[in-house]
Protein chains: 2
Amino acid sequence: MQQARLSDLEIAEEMADAARAAILPFFRQTNLETDNKLAGGFDPVTVADRAAEEAMRAVLAEHRPQDGIFGEEFGQTTGTSGRVWVLDPIDGTRGFISGTPTWGVLIALSCEAGPILGVIDQPYIGERFVGGTGYAFVKGPMGRTQLGTRDTRALDQAIVFTTFPEVGTEAEGEGFRAVSQHAKLTRYGMDCYAYALLAAGQIDLVVEAGLNAYDIQAPIAVIEAAGGIVTDWQGKPAHEGGRALAAATPELHAAALEILKQY
Amino acid sequence: MQQARLSDLEIAEEMADAARAAILPFFRQTNLETDNKLAGGFDPVTVADRAAEEAMRAVLAEHRPQDGIFGEEFGQTTGTSGRVWVLDPIDGTRGFISGTPTWGVLIALSCEAGPILGVIDQPYIGERFVGGTGYAFVKGPMGRTQLGTRDTRALDQAIVFTTFPEVGTEAEGEGFRAVSQHAKLTRYGMDCYAYALLAAGQIDLVVEAGLNAYDIQAPIAVIEAAGGIVTDWQGKPAHEGGRALAAATPELHAAALEILKQY
C-alpha cells in the first residue's frame, strides 16, 4: 500500500525531528571532535553538525528525491523540481560549543524567488518556530501559539539584536552601531534565535552581516509569515546571504534602512 | 501532626518552583507593566519580578521565619539565625523582556563568610543548576547530571563570557577586553546563564562588573560546588557584588587575575 504523500510542512518537521535526534547526544558533551574550517578563524564543525545534515538529507531522499538541496555541510545537490531545501544543521556553532541554548536547526524550502517555508528549531529547549504560506506558529515548553511581529514603529522604542558586537567588516560594524545607538536596547549572542524572537513579537530588529544563504532563508520565511520584513541593507532581497535587516514593521524597517544603506 | 522539617536544599527548590509558577505566566506576554528604576537607565521591573520574590518570601515565612532575607525587589528582612537568603527573582530583566531563555531565578543561602547553597533556575527551559556543600547538579531537558567545571588552564584555550560588551565603567571594559583578546572565543548576552554554563563545564571564564550581591551569590555557590573559583578582580571574595571573575581552574583564574588586577 502506498504511503500518503506528506506535505512540505510535515516533511520539514520530520527533518527537524531527525536533526534533533542526531544532535542532542552531542550537545554539552566534552571532547567533541571539532576542526577549524577557516584557517585562522574559529568556525568549529562538530560531529553533530554533519550527522544532522545527513539525517535531514535522508528524509528528503525518501520523500522528495526530485528536490534540490543546499546544505551548509555537504553543499549542493541538484534536483529536477525547481525547489531547493536550504539547510543549516547547526546555526550558531560557537554558541553550541559553549553550551548555550540559542543555536538552532535551520530548514527552508525555496523556489527561485526565495524561501516559502521555514523552520527554526531549538532541540535542547524543545522549541520549534515555523512559518510558511498561511501559517506562523511556535511549539515549545508553553504549548503551541501563533507567531506575530509586534507593532513597534519608532527606532527609539526598538530592541535590536545582533550576534557579535563587531557584526562583520569594520564598515558593517559602524552601520550596525549607527542603528544601535538610536535603539532602546541592544543585545548580543543569540544567533538564529534572535530571528525567532522577532517573529514571536519579543524584539523589533535584527541586523547581521556576512551571512550565508542557509543562515537567513529559514528566518526570512518565519519572519515574513509572522508579518515582519527581511531585506539586505539596500532594501533588496536577502535570501542569497550577505547583510540582513529584519524588522517588525515597515516603519521600523524604513528607519533602520535609512541608516544602514549608507554603509 | 507536625510536618517533617525540610532541608535547606528542599526549601531552595520549593522557592524556585514558586518563583517559576509566578513568572512564567508573564514571560513572552506583551504589555508588561515595566517601569524604570534608574532614571536615564534601562532597568525594567516586571510584575513577574515582584510576584516571584513575594512567592519565595512566602516559602521562607512558612519554613524559615528565623532566617534573614535580602531580595532585589523588597530589600532586607532581618533574621535571628545569622543566615540570609539572597534572592534575585529575575536576573537578566533585559533578557527577559526580550524573550531570551537565558535569564534566571537566583537563590542563595549565605552565612557571614559567603554563600553555602545556590540555585540558578531557568523556568522556561525547565532547567535548574544547584550547588551546595557536597552536591552540584543540573536537572533539565536531558535529565539530571553532575556539574563540574572543565580542565582548561591556558587563557588562549578559554571561552569567556560577559553580558554586555561595555561590561561596566570604561576602565572595567578595558580590563575585560584585555582578557578577551587573549581568549579563544568571547560571547555575550547570557546574564546568569553564563555562570551555569561554567559550572556545567561548557565555558571557562565569566568576567562581569557592576554586580549586586544578589547577582553573584547563587553563581558563587554553584560554581564553587562544581569545582570552579569566583573572586573579585583583586582575588578577594566577590559575594558583596561589584566585579567578578569566575574561572574553571586555578591556573586560568590566576592568568585572568594577572590582567584584571591592573584595572
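All values reported here derive from a predicted model rather than from experimental measurement.

A look at helix 4 (residues 170–180) of chain A
Working step 1: Looking only at helix 4 of chain A, the buried set comprises A:E172, A:G173, A:G175, A:F176, A:A178, A:V179 and A:S180.
Working step 2: Looking at the buried residues of helix 4 of chain A, the elements they touch are strand 11 (159–162), strand 12 (185–188), strand 13 (205–212), strand 15 (241–247) and helix 7 (250–260) of chain A.

Structural notes on the interface of chain A and chain B
Working step 1: Taken residue by residue, the interface counts 34 residues in chain A and 35 residues in chain B.
Working step 2: Carbon and sulfur atoms supply 64% of the area buried between chain A and chain B, which totals about 3,100 Å² over both sides.
Working step 3: Run the count over chain A and chain B and you get 4 salt bridges.
Working step 4: The partner of B:D191 in a salt bridge is A:R187, with the nearest N and O atoms 2.8 Å apart.
Working step 5: Along the contact surface separating chain A from chain B lie 12 residue pairs in polar contact (both at pLDDT 80 or more).
Working step 6: Where the side of chain A that touches chain B is concerned, the elements lending two or more residues are helix 3 (93–97), strand 8 (127–132), strand 11, strand 12 and helix 5 (193–199) of chain A.
Working step 7: Grouping the amino acids of the side of chain A that touches chain B by side-chain chemistry returns 20 nonpolar, 8 polar and 6 charged.

Topic: the packing of helix 4 of chain A against helix 7 of chain A
All names here are of chain A.
Working step 1: One way to put it is that helix 4 packs onto helix 7 with a least axis distance of 9 Å and a crossing angle of 140°. The angle between helix 4 and helix 7 places the two elements in the oblique class. Judged by the twist between their axes, the crossing of helix 4 over helix 7 is right-handed. Between helix 4, through G175, F176, A178 and V179, and helix 7, the contact on the second element is made entirely by A256, I259 and L260.
Working step 2: Partitioning the contact of helix 4 with helix 7 into residue classes produces 6 nonpolar, 1 polar and no charged.

Description of the environment of A:M142
Working step 1: Tracing the backbone shows A:M142 in the loop between strand 9 (135–140) and strand 10 (143–146).
Working step 2: For A:M142, a relative accessible area of 38% puts it in the partly exposed group.
Working step 3: For A:M142 and A:E208, which are 66 residues apart along the polypeptide, the C-alpha to C-alpha distance reads 29 Å.
Working step 4: The residues touching A:M142, leaving out its near neighbours within four places in the chain, are B:L24, B:F27, B:Q29 and B:Y124.

Observations regarding the pairing of strand 5 (residues 84–91) of chain A
All names here are of chain A.
Working step 1: In terms of residue burial, strand 5 counts as a mostly covered element, since 7 of its 8 residues are buried.
Working step 2: Sheet topology places strand 3 (residues 68–71) next to strand 5; 4 bridges connect them, and they run parallel. What sits directly across from G71, in strand 5, is L87.
Working step 3: Taken together, the 6 bridges between strand 5 and strand 6 (residues 104–111) define a ladder with antiparallel strand orientation. Bridging across to strand 6, L87 finds its partner in I107.

A closer look at the sheet that holds strand 5 (residues 84–91) of chain B
All names here are of chain B.
Working step 1: Strands sit in the order 4-3-5-6-7-8-9-10 across an open sheet of 8 strands; the sheet is mixed. Only two strands of the sheet have a single partner each, and these edge strands are strand 4 (75–77) and strand 10 (143–146). Sheet twist, expressed as the average angle between the axes of neighbouring strands with direction ignored, equals 15°.
Working step 2: Of the pairings in the sheet, the one linking strand 7 (residues 114–122) to strand 8 (residues 127–132) comprises 6 bridges and is antiparallel in character. By the bridge assignment, I120 is partnered in strand 8 with F129.
Working step 3: Against the sheet, helix 1 (residues 8–23) contacts strand 5, strand 6 (104–111), strand 7, strand 8 and strand 9 (135–140), and its axis sits at roughly 30° relative to strand 5.

Focus on the sheet that holds strand 10 of chain A
Residue and element names in this part refer to chain A.
Working step 1: Read from one edge of the open sheet, 8 strands run 4-3-5-6-7-8-9-10, paired in mixed fashion. Of all strands in the sheet, those bounded by a partner on one side alone are strand 4 (75–77) and strand 10. Within this sheet the neighbouring strands show an average axis-to-axis angle of 15°, counted without direction.
Working step 2: As paired elements, strand 3 and strand 4 share 3 bridges and run antiparallel to each other. Bridged to I69 within strand 4 is T77.
Working step 3: Strands strand 3, strand 4, strand 5 and strand 6 of the sheet are contacted by helix 2 (residues 47–63), whose axis makes an angle of about 155° with strand 5.

Digging into the domain arrangement of chain A
Residues and elements named next belong to chain A.
Working step 1: Taken domain by domain, chain A consists of domain 1 (8–146) and domain 2 (155–260).
Working step 2: Summarising the inter-unit geometry, the C-alpha centres of domain 1 and domain 2 are found 20 Å apart.
Working step 3: Contact residues are listed per partner, giving 35 residues for domain 1 and 21 residues for domain 2.
Working step 4: Overall, the association of domain 1 and domain 2 removes approximately 2,000 Å² of surface from exposure, summing both partners, and the carbon and sulfur fraction of that is 72%.
Working step 5: When the buried surface of domain 1 facing domain 2 is broken down by residue, T102, P115 and I120 rank first, second and third, together holding 29% of it.
Working step 6: Across the contact surface, domain 1 and domain 2 share 0 salt bridges.
Working step 7: Scanning the region where domain 1 abuts domain 2 turns up 3 residue pairs in polar contact (both at pLDDT 80 or more).
Working step 8: Among the elements of the structure, strand 5, helix 3, strand 6, strand 7 (114–122), strand 8 and strand 9 are those that each provide at least two residues to the side of domain 1 that touches domain 2.

Cut-offs and rules
Residues numbered from 1 in each chain as written. Chains lettered and ligands numbered in written order. Predicted model: local features only at pLDDT ≥ 70, side-chain atom pairs only at ≥ 80, totals over all residues. Heavy atoms only, no water. Buried < 20%, exposed > 50% of the residue type's maximum accessible area, 1.4 Å probe, protein only. Helix = DSSP H or I, 4+ residues; strand = E, 2+ residues; numbered from the N terminus. Contact = heavy atoms within 4.5 Å. Buried area = accessible area lost by both parts, 1.4 Å probe. Salt bridge = Lys/Arg side-chain N within 4 Å of Asp/Glu carboxyl O. Polar contact = N/O pair within 3.5 Å; in protein donor to acceptor, adjacent residues only side chain to side chain. Nonpolar A, V, L, I, M, F, W, Y, C, P; charged D, E, K, R; others polar. Axes fitted to C-alpha atoms, helices over the stretch in contact; angles between N-to-C directions. Parallel < 35°, antiparallel > 145°, perpendicular 65-115°, else oblique. Left-handed = near helix turned anticlockwise from the far one by under 90°. Pairing = 2+ DSSP bridges. Domains from an automatic or database assignment.

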